[in-house]
Amino acid sequence: MVFWKCEDSLATPLPYSSFTSSSVYARGYGAGYAKLNRKQGAGGWSPLDTDRYQWLQVDLGSRKQVVSIVTQGRYSSSDWTSKYRLLYSDTQKNWRPYLQDGNIWTFEGNVNSEGVVRHELQHAILARYIRFIPLDWSREGRIGVRLELYGCSYWADVISFDGQGVISYRFRSKKMKIVKDVISLKFRTTARDGVLLHGEGQQGDYISLELRRARLQLSINLGSNQYGSIQGHTSVISGSLLDDDHWHSVVIERYRRNVNFTLDHHTQQFRTNGEFDHLDLDYEISFGGLPVSAKPSSGGRENFVGCMEGITYNGDNITNLVRRKKVDTSSFRNLTFSCTESNSSPVFFNSTSFLRLPGQSDSDTLSVSLSFRTWNPNGLLMFTALADGWVEVGLTEGKVTVYMNVTQRKNTRIDISSGSGLNDGQWHSVHLNALENYAMLTVDGDEASTVRTAIPIQIQTGGTYYFGGYFMHTNTRSSQRSFQGCMQMIHIDDHLVDLRAVEQGHIGTFENVSLDMCAIIDRCVPNHCEHTGRCSQTWDTFSCNCSGTGYTGATCHTSMYQQSCEEYKHQGKNSGSYWIDPDGSGSIAPFRVNCDMTEDNVWTTLKNNLSPQTSVTNGVPFTWWVGRANERHSYWGGSGPGIQKCSCGIEHNCTDPKHYCNCDADLRTWKEDAGLLVYKDHLPVRQVVVGDTSRAGSEAKVTIGPLKCLGDRNYWNAASFTSPASYLHFPSFRGETSTDISFYFKTSSTHGVFLENLGTTDFLHIELRGGSVILFSFDVGSERVELSVRSPVPLNNDQWHRVEAEKNIKEAVLQLNGQYREFRPSPPQGHTRLEFYSELYVGASSGQRGFLGCMRALKINGATFDLEERAKVTPGVNPGCQGHCSSYGMHCRNGGKCVEQYNGYSCDCSLTAYDGPYCTDDVGGYFETGTLVRYDFLPEVGPFALREVNSLSGVSVPSEANLTQEELVFSFSTSSTPSILVYISSRTQDYLAVVLRHNGTLQVRYSLGGLIEPYTIDVDHRNMANGQPHSVNITRNLREIRLQLDHYPVSTYTLPETSDTQFNLVKSIFLGKVFETGQIDPIIIERYNTPGFVGCLSRVQFNSVAPLKAALRSGLSTPVSTHGILVPSNCGASPLTISPMASASDPWHIEAAGAVFPFNEDKASDGGVDRNSAIIGGIISMVIFTVLCIMVFVIRHMFRHKGSYHTNEAKGAESADCADAAIIVNDPAFTETIDESKKEWFI
């Protein structure tokens, strides 16, 4: 196979006369000597003046395809060009600058006279003339250059369209049913509207490509059903400023409903609406306008005016067929195969430009007109001094304004304005006439909207006109900003200005003006504002409005929300409704879920948009549902893939044993099939189709429950780097113009490279320096950008820290822990889409010191990198990470112990009186009359106090002990007295009792021996039997007793010197009532034990024992017993919760007062349920977690039939002995699925 390369030398073979220039320094320095490696003459070209007005032009003789340029300095000299630009044209008029990455590109040139610098053009130039524009040069010498252009020949048939002629390409058959299309053409025009191609069929199919306001619109309809003609219509717009009289290339590729629409190397991919795949066209397809046979409804659209070349339609070269007269061109008045030259000569102004032109002086009539295009809302269009005063025409907030100042009448000022939104980049015309005693302003030729105003005196022109700016130092200097944009068709005194004569210096003068060129750039096409952000622009830059998108940043790239409920939990937030964005900066929009954080694991619940018990009607003979990959599934809740049964079919209890679903029984009564769908790879349910319901009396209803996901594996996906030389490597990835990276890390090391990419052209690097600095560096073109953030606290403290880095076309941002941020504007050029040719290294691979520690949740451009899986096969790196408690252990409250887990952590509440994920949930119970809870300590088995003995169940049970200090904490509420709250007995006569006396006051009784009567503490100042919750904390250390009630200050008491300090052989704890053998203080029994405590007790804890919790948690094997009725309750005690901020001020919390997420929910639901379709489905707007999760859907559908109903059964199901056997026969892998479904998945 022979490959043809476009690498011919284009400049060197040309004659001397093909090179021209703005000027020549001297003989021997002519343009014709500017050939690469040549030494003739003075060894290259040098202009007379060394400034930015110089140029070197190469005439290639005909249109060529230029793919690269090579430059040298002038031979053996100090003259070279260090920066330059390229212009190109077919006609030596209307020059176009070479653009790259949406900017006028500046090439890096030479640094000496002999070195060769080559640049491959990102996009080939098709032109006859090339202009080389020096921008910077040698500081030791002057401008000097030798160059070569590489490329190849280019030829194509060109056809000129005058607005009348239309090419009609007739098909070989009357009707064409096409599944695949490839259409390509190039066009050039100065008209902003016109039809480029059109084809249609009698069934309503059509394809149309047309210019609308200088943008290209492709419209396709592959067919619509009987319910609405607009269903199949699809329209896509691309490009901007296409009326610039330059060539633009278009390629349309369609296969069925998938379309690639490419305009000037920018491709949009989309899928057509509707359900049909074929484009049905009748008779013909036309180019340049609508065919004569077009339907009347297609009228009102203008034909194309301009040139086309290279028209191909599905392999047929239309332009060649036209030249050979094989195609109908009868509508052309004069068919020509060349492109006529435009009469317009644009002028390009920057912020320091002006053009000064002469006009008639001392005339009583002023007439000026011009056309302009710009993005700036303000700017000076024209200024002229009068004999007495001045006239100024400018743009003010997008309107054309005229200011006339007449000094003869005491500075009489006249203001008129017209138009609006004229800074839209389109060409707009302005015409100002002032004569006799009035002035007229007309915008865009709209005579009906002409603005007239009276002039108090006769004007007298000054004869000099300034366009674009006015920089003369006079008292009449304009206050307007300079104009940035393009002008053409400048008329003074009704005469068109000859700009070629201006360029040659015959008339007028100019400064920093580019003649024969309009270098306007639409910075919003393509739109760099992501996620439907709205783009606006000025001449120099663009900005994005991200409101209502759910994203933020300069290009709306960064999500405002966390990736999952798991992440919200570890920010200390409580259960509730939140917006989450699992793929971050990815394409899936944020959506609202309910987060349940009451357990150790976090559950995420997403509701669908289908109402319960939705009635459905259809004529399809079977029923199925559509899952994740748009595949049909015929198994139902309680069943699994390949079984095609309902749960009753597996359990052998269906209404009709002949069928495997209740709804197949064909009865006149309602029957239902319900159950859970747990096969993760098929979820979520996107659509449910219920068939066989179209007969009279046949009816079905369907209910789809919420999607439930457990945890977030991505959030805890971690790896441990055990050596500074260890690293993980991943395949190269392609970045976009925006790239974001985020991860968590913890380390005890002061230095280390987190990740880097060593591409051949691109570089990206993030590292830790000095234990407190994060450094982010990357390449943009030839420039390296570096950002750093310094933390006020050490980062090598073995705690988790988060790094977020982003670069886009506008800025680069580095953020640490969501608080410390560094920002830097991006360089103006060099933003190609990142091509990473090497692998991405997590850690260091280039001899630097790699990261030492743990890293988790690594995301790049919304995609999670699986550190754990890669670590399993990489030496020096271990999957997972320990030590989460150092960062999150403070969330375990009330004595709860943080327990490390492989992925994450949990709070052990077993030694507390609390429950819940953070040990903050009260455990309490309501005591009826006579109810008591008894907790017994095991007999002492050793000499050590506070000894614990392991029971057979593995639960540690404290043994009897001699205590010199103890702590008793509990809460209660009651309205009845007297009663015993807590009584702690011993095998001796020692005891501790807390009772309520008859008057509702609290009494604490200590009997430790040595005293005739127990030591009592009476709290007489308040009645605590008032039905309100109260808390009690009693702490003893030897003789000192500290008592705190509710939130009152602590009171301190001291046991008498004669009292013993040891609580001997603690035996039992009684709550609510005492039922004890042996000798008991008779006062306790007589005064407080009958009828017993009635009310609520909670949070009961004696040292490390929680007796009430043990009684209420039946799963705990502890020596506790309950007599009477005990109802679980938290007794109204104030729960201890983790609340970093109030929900009212929490922007993440949906119920926050005044916190409204601006995301448009109406848009999110568009296209959800197709009410015109016979299929009624529940479409779930849901991102698919690319992580391991268990998803639960409840599907309930009920039928009532008159006729028979069929369900496709699994092959082999009839012969299977049981449901499990049927599963194995049809899907051997499903055994694993059933096993997995029984597990709790933490993802």
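Rules of the game
- Residues numbered from 1 in each chain as written.
- Predicted model: local features only at pLDDT ≥ 70, side-chain atom pairs only at ≥ 80, totals over all residues.
- Heavy atoms only, no water.
- Helix = DSSP H or I, 4+ residues; strand = E, 2+ residues; numbered from the N terminus.
- Contact = heavy atoms within 4.5 Å.
- Areas by Shrake-Rupley, 256 points an atom, 1.4 Å probe, with all protein chains shown as cover.
- Disulfide = S-S within 2.5 Å.
- Buried < 20%, exposed > 50% of the residue type's maximum accessible area, 1.4 Å probe, protein only.
- Pairing = 2+ DSSP bridges.
- Axes fitted to C-alpha atoms, helices over the stretch in contact; angles between N-to-C directions.
- Patch = residues over 30% accessible without salt bridge, like charges linked within 9 Å, V, L, I, M, F, W, Y side chains within 5 Å.
- Salt bridge = Lys/Arg side-chain N within 4 Å of Asp/Glu carboxyl O.
- pLDDT = per-residue confidence, 0-100.
- Polar contact = N/O pair within 3.5 Å; in protein donor to acceptor, adjacent residues only side chain to side chain.
- Phe/Tyr/Trp six-rings, centres within 6.5 Å; stacked < 30°, edge-to-face > 60°.
- Lys NZ or Arg CZ within 6 Å of the ring centre and 35° of its normal.

A. Molecular detail of the overall build of the protein. Each helix and strand in the protein was counted, giving eleven helices and 86 strands. Within the protein, residue pairs in contact and separated by at least 24 positions form 69% of the contacts whose partners lie at least 6 positions apart. Accessible area of the protein: about 54300 Å², with a carbon and sulfur share of 48%.

B. Region of the structure containing the state of the cysteines. According to the stated counting rule, one finds twelve disulfides in the structure shown. Across a sulfur-sulfur distance of 2.0 Å, Cys909 and Cys919 are joined as a disulfide pair. An S-S torsion of about -90 degrees defines the bridge between Cys909 and Cys919 as left-handed. Of this pair, Cys909 sits in the loop between strand E67 (904–908) and strand E68 (914–915) while Cys919 sits in the loop between E68 and strand E69 (921–922); the two residues are ten residues apart in sequence, bridging distant segments of the chain. Judged on exposure class, the residue Cys909 and its partner Cys919 are both buried.

C. Inspection of the side chain of Ser985 at higher detail. In this fold, Ser985 is placed in strand E75 (residues 979–986). In contact with Ser985, other than residues within four places in its own chain, are Asp990, Tyr991, Phe1063, Leu1065, Val1066, Lys1067, Ser1068, Phe1070 and Glu1076.

D. Seen up close, the sheet that holds strand E53 (residues 727–730). Here six strands make up an open sheet; going across it, the order is E53-E62-E55-E56-E57-E58 and the pairing antiparallel. Two strands lie at the open edges of the sheet, namely E53 and strand E58 (783–790), each paired on one side alone. Each strand of the sheet is rotated relative to its neighbour by a mean of 10 degrees, with strand direction disregarded. Sheet analysis places strand E55 (residues 752–758) next to strand E56 (residues 763–769), joined by six bridges and oriented antiparallel. Bridge pairing in E56 places Gly752 opposite Leu768.

E. Looking closely at a nonpolar patch on the surface. Where nonpolar side chains cluster on the molecular surface, the patch consists of Tyr926, Ile1125 and Val1127 and spans about 260 Å² of accessible area. With respect to the helices and strands, the residue Val1127 is situated in strand E85 (residues 1126–1128).

F. A look at the pairing of strand E14 (residues 194–200). Within E14, seven of the seven residues are buried, which leaves it mostly tucked inside the rest of the structure. In this structure, E14 lies alongside strand E15 (residues 206–212), joined through six bridges in antiparallel fashion. Each residue of the ladder has a partner; that of Gly194, found in E15, is Leu211. Two successive antiparallel strands, E14 and E15, enclose a turn made up of five residues, where Gly204 displays a positive phi of approximately 105 degrees. Sheet topology note: the E14/strand E21 (residues 279–287) ladder contains three bridges and is antiparallel. Across the sheet, Leu197 pairs through a bridge with Phe287, a residue of E21.

G. Quick peek at the confidence of the model for the protein. In the predicted model, the protein carries a mean pLDDT of 83, and the fraction of residues at 70 or more is 84%. For residues 941–957, every residue scores under 50 in pLDDT, and the model assigns this stretch 29 contacts once sequence neighbours within four places are set aside.

H. Broad picture of unusual backbone geometry. Residue Pro684 follows Leu683 across a cis peptide bond; omega there is 10 degrees. Among the structural elements, Pro684 can be located in the loop between strand E48 (676–677) and strand E49 (687–689). The amide bond that connects Thr977 to the next residue, Pro978, takes the cis arrangement and shows omega of -10 degrees. Look at Gln92: it is not a glycine, yet its phi comes out positive at around 65 degrees. Within the element layout of this structure, Gln92 appears in the loop between strand E4 (81–89) and strand E5 (96–97). Look at Tyr283: it is not a glycine, yet its phi comes out positive at around 70 degrees. Here Tyr283 shows up in strand E21. Overall, Tyr283 belongs to the partly exposed group, its relative accessible area being 39%.

I. How the structure looks around the side chain of Arg1022. Relative to the helices and strands, Arg1022 resides in the loop between strand E78 (1015–1019) and strand E79 (1030–1037). In this structure the side chain of Arg1022 is engaged in a polar contact, spanning 2.8 Å, whose partner is the side chain of Asp1046. The contact partners of Arg1022, leaving out residues within four places of it in the chain, are Gly1000, Thr1001, His1030, Leu1045, Asp1046 and Tyr1048.

J. Region of the structure containing the packing of aromatic side chains. Across all of its chains, the model carries 35 aromatic pairs by this definition. Over the ring of Tyr150 we find Arg118, and its NZ or CZ is 4.6 Å from the ring centre. We note Lys810 situated over the ring of Phe542; from NZ or CZ to the ring centre the distance is 5.0 Å.

K. Highlighting the sheet that holds strand E43 (residues 603–606). The strand order across the open sheet built from four strands is E41-E42-E43-E51, with neighbouring strands paired in antiparallel fashion. Edge strands, defined here as strands with exactly one partner in the open sheet, are strand E41 (576–580) and strand E51 (707–710). Strand-to-strand twist across the sheet, computed as the mean angle between neighbouring axes with direction ignored, equals 35 degrees. In terms of strand pairing, E41 meets strand E42 (residues 591–596) through five bridges, oriented antiparallel. For Tyr578, the partnering residue across the bridge sits in E42 and is Val593.

L. Structural context of the pattern of salt bridges. Enumeration over the complete set of coordinates arrives at 40 salt bridges. Put simply, Arg118 and Glu120 hold a salt bridge, and the shortest N to O gap is 2.7 Å. Of the residues examined, Arg118 reaches a relative accessible area of 40% and is grouped as partly exposed. Residues Asp1020 and Arg997 are paired through a salt bridge, measuring 2.2 Å at the closest nitrogen-oxygen approach. On the criterion of sequence distance, the pair formed by Asp1020 in the loop between E78 and E79 and Arg997 in the loop between strand E76 (991–996) and strand E77 (1002–1007) is long-range, its members being 23 residues apart. For Arg997, a relative accessible area of 18% gives the class buried.

M. Inspection of the environment of Asn423 at higher detail. Tracing the backbone through its elements, the reader meets Asn423 in the loop between strand E29 (412–418) and strand E30 (428–435). Through-space distance from the C-alpha of Asn423 to that of Asn378 is 8.3 Å; in sequence the pair is 45 residues apart. When sequence neighbours within four positions are dropped, the list of residues in contact with Asn423 reads Thr374, Trp375, Asn376, Pro377 and Gly398. Looking at Asn423, its side chain comes within polar contact range of the main-chain oxygen of Trp375, at 3.3 Å.

N. Just the environment of Ser772, in detail. Among the secondary structure elements, Ser772 is positioned in the loop between E56 and strand E57 (773–780). Sequence spacing of Ser772 and Asn797 is 25 residues, and the spatial spacing of their C-alpha atoms is 9.9 Å. Here the side chain of Ser772 touches Arg790 through a polar contact of 3.3 Å, side chain to side chain.

O. Layout of the environment of Gly41. You can see Gly41 is positioned in the loop between strand E2 (19–21) and strand E3 (56–72). C-alpha separation for the pair Gly41 and Gly30, spaced eleven residues apart in sequence, amounts to 8.0 Å. Dropping the residues within four chain positions of it, Gly41 is found in contact with Gly28 and Tyr33.

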